[in-house]
Structures are given as C-alpha cells and as structure tokens.
Amino acid sequence: MPKPACRILVINDEHLVLREFVKGLNAAARALDNPLGISFMGVTTAKEALAVIESEGNLQAVLVDDRLYSLTKNGSSSKKHLQTTAIELVQRITRLRPELDVYILIAQEKEDDVVDALFAEAVDGYFYREERDYRGIYRILNAQIQERARTPFYDQLKNYVWMAKDQWHTPGHSSGESLRGSPWVDDFYEFMGEHVFDADLSVSVPMLDSLMEPKGVIAEAQAMAAKAFGARRTFFATNGTSTANKVIFQTLLAPGEKLLLDRNCHKSVHHGVVLSGAHPIYLDSALNRKYGLYGPVPKKTLLNAIKKHPDAQALILTSCTYDGLRYDLAPIVAAAHARGIKVIIDEAWYGFARFHPEFRPTALEAGADYATQSTHKVLSAFSQASMIHVNDPGFREHLFRENFNMHTSTSPQYGLIASLDVARKQAVMEGFKLLSRTLELAAEVRKLVNSTKVFRVLELEDLLPEQVRHDGIRLDPTKVTIDISGCGYTVDDLQKLLFERYNIQTEKSTFNTLTLLLTIGTTRSKVSRLYDALMRIARENRAPRRLVQSPEIPAFTRLTFLPRDAYYCGGELLPVLDERERVNRALAGRICADQIVPYPPGIPVLVPGQLITRNVAAYVADLLRSQKRMEMHGIVHEGYAPCIRVLRPGEEKALRRL
C-alpha cells in the first residue's frame, strides 16, 4: 500500500529564523511518530508562497508569519516594506486552496490585535513565534491533518466487520454465507469479493448510525463533508442526485407555487415538478445550431424571468452542463435573492470544483442556497452516491428531513455511505494534486486529438451559442467534445468501432460529436490508447461527412394545467403516426399527460400539462422516423405504433386551468 507524503509550508521573511524553524520542525517530524510522511519547507515572500501553493500537490498546511516584510536598499541604507498582512495572505490562500489548514505565527505582544483581525478568516490556530516549541507545533499539525484524513463512517464500518459478529438480522445473505460454496451462485460471491458482503449490513447495527436520523458516525461524516465542500449542512444521498433534487423541491415548493427552471434540466427536475405539484416556468436553453448542442439559459432571459415572476419560490439551473458549460452564477443568484427566490444548482457534473482554483467559484461560493452533486460521477464514490449541500439561511430542517426520509430507503447500502466518506477524504487530502494532473491530461488530449487533423476538439468559442457569448460562460476543460464529421463515420458507427476494436467507451454523443469525460481516475495510458485509436481511424482517409443538421427542439408551447394534475389523469393513447405513416393530425390541440424526452439531447419536448401543437407533433414524428438510434422516453407503444398519452376531454374539463 502506498504511503502518503504531506508537505507543510512555513512563510517567514527572516532567512535565519525561517531556516531554524524549518530545521526544528523537520527534526521533530523525524523524531516523533509520523504516519503521514510530514515534512516542512520554507519561503520568505508571499509571492513564493502562492507559487508553491499553486504547484505543490502534497501541501496540507501553511504556517504564515503575522507580518511579512521585504528589505529595499536606497543607497547605503536599507528600509523594511510590508509585503502583505496576514489577513491578506490568508484570504488569497483560501481563494486558491480552501482545503488547506492555515496557522499564524504571532509575536506574543501582538496577540490580541492579530487574533481579532483574523477572527472571521479561515484560520485553524496560532503559534507564538518566539517559543520555538517545534515538537508541540508538529504534534498539533500532525493531529489536525490526521483529523481531516479520518473517515468516521468508513472506519466504524471496518471496525464492525473485523468484529465478525454472528448475524441474526438482515440482509438475507448474512455476510455472504448464503452464496459462499453454492454450486449455483458461488461465482458471484467470488467475483464481487467477500468484503462486499461483509460490509453489506442494515439498520439493525446501531453502532453504524441511521441515515434517516443520523446522530453518530454518519452525522460526523456529513459534518466533515460540509466543511470540505463549503456548506453549512451536507446530507448523503444513496439514490443519486435525481432523488436529491426531488427532496429539495418538496421542501421548498407547495402545490401551485412557482418554480423557474431551465428546460434543459435533468429529467429528475421535471419529475420533481410533478411530485411537488409546482407551477413550472420553463426557460428555453440557448442552442448551438451548428452542432446541435444546448447550452445555458441566456442571462437576459433569466433576469427577465426573475423580474417577471417575483412570486417564484425557487430557481434551479444546471452548472456545469453535460458539455461542460458553466454559468456566471453570482449575478444571477444575487438577482434571485433580491426577490426572495431560493437558488438551487444541479452540480451533478461538477462535484470536484471546490478543490482546484481552475474550477471555482462553486455554486455555494457564488451564493446558491442548495447544491446537489453526483459524487459518483466525478469523484471516487460508488454509483448512486450523491450529496446535498445546504447554505440556505432559512433552512427548515424538520421539513427537509421528512421529505428526505420519504425518498430514502430504510435499508440504505452502507457501502455507498462509506464511499461518500472516502470520496470526501480523498478530495480534501489529494484533490488538488489529482485535479492538477487531470487538467494536464485534458490539455494533452486536446493537443493529441487535434493533431490527427481529422478529429477536432470544440473549444468554448465553438460550443457557445450566439445568445450567451457575452454572459461570462466558462468551460470545464475535463469535458472534451470532439467534432467527428471529418472522419467519415457516422457517430453510431464510430462508437461501435471504438468499442469493438479499440476497447474504448465514450460518455455521450450527438449527431456530430463525441464527448469524453476526464476524471481523477484518468491515466496517461488511457490517453495514449485513445490517441492511437483516433490516429489509426484518421489514417483510413475516409471522405468527411457534412455536419448533420439535427432537428431543433420546438420552443415551449403553453402549460395548460399543472404537470402533477395532468400526470395523474388516466388519459388515452393517441398514435403519433396515422395509417399512412404521416403525422397524426388528431394530436394537435391535445394536452400531453407524460414527459416526452428524446435522448440525446435529453430535453423534454413535452411535459405533463403542455399543449401539443402540429409543430411539436411533427418534431416527435421526425425523430421516430430518424435512422439514428435514439431513446424516446415517455412514448408508449401499442403493438408497433408509437403513441402519446393525452388527457381525455372530460378530464380537461375537470381540471383547473392555469
């Protein structure tokens, strides 16, 4: 097992004092117990310190002198000039690396002034410079780093497994005993590994706490996650961000209350609208017509919607998008808060952002009240493991807890909870280093893909729809979208070729693009294999194809009834196509009862309660007749006939129109 290496930076402007400090602290680290591999290094200026902080991936803590001076010579005389105050440097450190422990070295006579000035800053403690208690300082720093590296739930889960208790409780496999040695299913036990079953326990084990009412190790793990991700409160979700979004909706929205939402939100958001009974105000996303990519909602559209609907209870946006486009959130959040509107940000694809300055500010740092993150998508957690971060000053915990428990299984998978605990630890201890490597690999991927002269990576200016070019949108470089039109293959044939011949599975596709997702698990070997595959395909010299003009999703028509009211009607099925394979004219003017979602791009064409027009019906029909294989969620097949569930005339009369 590899051992960790931790660096601690000491910043002091006096060379002799600094050398003595670093020497004394390193001597203490060698003499005392040092399981984390702690060593000390020193610099004399704030500029050098910030350079180290930006480049040293193993850095875990910083000791800052309360005042940093530099000497300037004027003829034969020298004069001391203040480089920066401790408060300024601490603020800059925190902006770069909020996960670092920061301590201040102070002169005893200035203790009160310095401590008072730094009270509101992210300072973890103080040491008197003149005491030179190197062993004492080392012990405190060592203990603090070990505290950050703890995983309360995972540690307790391991402890319980090593106790090897006889189980007279659920689950039925009883630590794998029901599978082990079976002539029929032992292969599953061997494939999964014994600890998967040993650690698959239940709420019958009190020492492992309860996800539905945490008071022990789960509560402790959630508190550590909140500190790590910059939240007031954090909750672990074991049913993915889909459930997290629904929980927040039911907490903030009563039936009939308004919600502003990006029409391009994940379908769980639209499901949450149905469950909560909210009155949605749908905002159309900006469209890049050349590549058929849907981007953020234009800032002007958002600000106008906030102004037009001051009675809205909440606004939800996705940042970053599946393609890596990030909103400039701060002004949008400020505008919403000025009207008393809560802001929810779906950060499913951006849960790592807190741990590298390239990706910040996060949604919470921009002022959002809630952020939901798919920890499993971009950090080291198991699938379905997500987090809900709360910064809402008016947070109603009891109501939230009731809604959370409504969606949470009373038998959660403890392995998922442990993986969230471990993912937080890794992000805090080595997230900066791993993300720095991921950024390097992302730059390398871009360079190598472009060097094929056939495939081309789309950069921000390529991806941005015209409507949002001046909205401060930024690109997450770990999402790499490739224009594949120059290779001569259709996107389906290319994906099949990459999978079958080159053992490569990509994240998603459109008619003209492939998207690669780089994570902290991406390696240089994978990059090399990708380049080899693309270069071999490029050398086939196939004739390039024209960009496929994918059909544009029609603008939102009209919401006639609340989505919940329409969804819970029985309805009737109407075919999309008539007996001559033409668009069924009977659909126009009817009200949809389901959510119709073509994937890609995953944007609802219709939602429950929405008016169907001839234009919308024709769009759905065109997609169903398209040669590109496409999922169409919400379409019902009666035999071979694709149908849409619509409200009956009598049901329309019984419902209250909006």
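Because the structure is a prediction, the values reported are computed rather than measured. (Residues numbered from 1 in each chain as written. Predicted model: local features only at pLDDT ≥ 70, side-chain atom pairs only at ≥ 80, totals over all residues. Heavy atoms only, no water.)

Student: For the sheet that holds strand β27 (residues 641-646), give the residues involved together with the corresponding values.
Tutor: What the three strands build is an open sheet, ordered β23-β27-β26; its pairing is antiparallel. Each having just a single partner strand, β23 (572-575) and β26 (636-638) make up the two edges of the open sheet. For this sheet, the mean angle separating the axes of adjacent strands, direction not counted, is 50°. Sheet topology note: the β23/β27 ladder contains four bridges and is antiparallel. (Pairing = 2+ DSSP bridges. Helix = DSSP H or I, 4+ residues; strand = E, 2+ residues; numbered from the N terminus. Axes fitted to C-alpha atoms, helices over the stretch in contact; angles between N-to-C directions.)

Student: Provide a residue-level description of the packing of aromatic side chains, including the pertinent values.
Tutor: Applying the stated rule across the entire model yields 18 aromatic pairs. When the ring of Phe 21 is compared with that of Tyr 134, the centres are 5.4 Å apart and the planes differ by 85°; the resulting orientation is edge-to-face. Of this pair, Phe 21 sits in helix α1 (residues 15-31) while Tyr 134 sits in helix α5 (residues 134-148), placing them 113 residues apart in sequence. The exposure class assigned to Tyr 134 is buried, which follows from its relative accessible area of 14%. Ring geometry for Tyr 103 against Phe 127: centres 5.3 Å apart, planes inclined by 25°, an arrangement best described as stacked. One end of the pair, Tyr 103, is in strand β6 (residues 101-106); the other, Phe 127, is in strand β7 (residues 125-128), with 24 residues separating them in the sequence. Phe 127 carries the same exposure label as Tyr 103, and that label is buried. Linked through ring pairs, Phe 235, Tyr 370, Phe 395, Phe 400 and Phe 404 together constitute an aromatic cluster. Its guanidinium or amino end placed over the ring of Phe 432, Arg 97 lies 3.7 Å from that ring's centre, counting from NZ or CZ. (Phe/Tyr/Trp six-rings, centres within 6.5 Å; stacked < 30°, edge-to-face > 60°. Buried < 20%, exposed > 50% of the residue type's maximum accessible area, 1.4 Å probe, protein only. Lys NZ or Arg CZ within 6 Å of the ring centre and 35° of its normal.)

Student: Please give an account of the pairing of strand β3 (residues 59-65) that cites residues and values.
Tutor: By the criterion of burial, β3 is predominantly enclosed, with seven of the seven residues buried. For strand β1 (residues 6-11) and β3, the ladder comprises five bridges, and the chain directions are parallel. Residue pairing across strands places Arg 7 opposite Leu 59, the latter belonging to β3. Alignment of β3 against β6, held across five bridges, turns out to be parallel. Each bridged residue has a counterpart across the sheet, and for Asp 65 the counterpart in β6 is Leu 105.

Student: Explain the nonpolar core residue by residue, including any values.
Tutor: Counting 93 residues, the largest nonpolar core has Phe 40, Leu 63, Phe 153 and Leu 259 as its most contacted members. Counting residues per element, this core draws most heavily on helix α16 (residues 414-451), which supplies twelve residues. In this structure, Phe 40 is in contact with Ile 8, Val 10, Val 22, Leu 25, Asn 26, Ala 29, Tyr 138 and Leu 141, ignoring residues within four places of it in sequence. (Core = buried A, V, L, I, M, F, W, Y, C linked by side-chain atoms within 4.5 Å. Contact = heavy atoms within 4.5 Å.)

Student: Mind laying out the pattern of salt bridges, listing which residues take part and the relevant values?
Tutor: One pass over the structure, following the stated rule, counts 34 salt bridges. A single salt-bridge network, built from bridges that share partners, covers Glu 20, Asp 65, Asp 66, Arg 129, Glu 130 and Arg 132. (Salt bridge = Lys/Arg side-chain N within 4 Å of Asp/Glu carboxyl O.)

Student: Requested: an account of the environment of Gly 472, with residues and values cited.
Tutor: Its place among the elements puts Gly 472 in the loop between α17 (460-463) and β19 (474-475). Its relative accessible area of 42% is what places Gly 472 among the partly exposed residues. Between the C-alpha atom of Gly 472 and that of Asp 328, which follows or precedes it by 144 residues, the distance is 5.4 Å. Apart from the residues lying within four places of it in its own chain, the contact partners of Gly 472 are Arg 326 and Asp 328.

Student: Can you break down a nonpolar patch on the surface residue by residue, with the values?
Tutor: A surface patch of nonpolar side chains, amounting to about 680 Å² of accessible area, comprises Trp 184, Val 185, Phe 188, Phe 191, Met 192 and Val 196. Per-element tally for the nonpolar patch: the top contributor is helix α7 (residues 186-192), with three residues. Checked against the element boundaries, Val 185 lands in the loop between α6 (152-163) and α7. (Patch = residues over 30% accessible without salt bridge, like charges linked within 9 Å, V, L, I, M, F, W, Y side chains within 5 Å. Areas by Shrake-Rupley, 256 points an atom, 1.4 Å probe, with all protein chains shown as cover.)

Student: Explain the packing of helix α9 (residues 217-229) against α16 to me, and be specific about the residues and the numbers.
Tutor: The description of two packed helices rests on the angle between their axes and on the distance between the axes. One way to put it is that α9 packs onto α16 with a least axis distance of 10 Å and a crossing angle of 35°. Between α9 and α16 the crossing geometry is left-handed. Residues Ile 218, Ala 221, Met 224, Ala 225, Ala 228 and Phe 229 of α9 form the contact with α16, whose own contacting residues are Ile 417, Asp 421, Arg 424 and Val 428. In the contact of α9 with α16, the residues fall into eight nonpolar, no polar and two charged. (Left-handed = near helix turned anticlockwise from the far one by under 90°. Nonpolar A, V, L, I, M, F, W, Y, C, P; charged D, E, K, R; others polar.)

Student: Mind laying out unusual backbone geometry, listing which residues take part and the relevant values?
Tutor: With an omega of 5°, the peptide bond running from Ser 319 to Cys 320 counts as cis. If you trace the backbone, Cys 320 turns up in the loop between β13 (314-318) and β14 (325-326). Going from Arg 360 to Pro 361, the amide bond is cis rather than trans, its omega being 10°. Inspection of the secondary structure assignment puts Pro 361 in the loop between β15 (342-346) and β16 (370-373). In this structure, Asn 503 takes a positive phi of about 60° despite not being glycine. We note that Asn 541 has phi near 55°; this positive angle belongs to a residue other than glycine. When you line up the elements, Asn 541 lands in the loop between α19 (524-538) and α20 (563-567). Overall, Asn 541 belongs to the exposed group, its relative accessible area being 67%.

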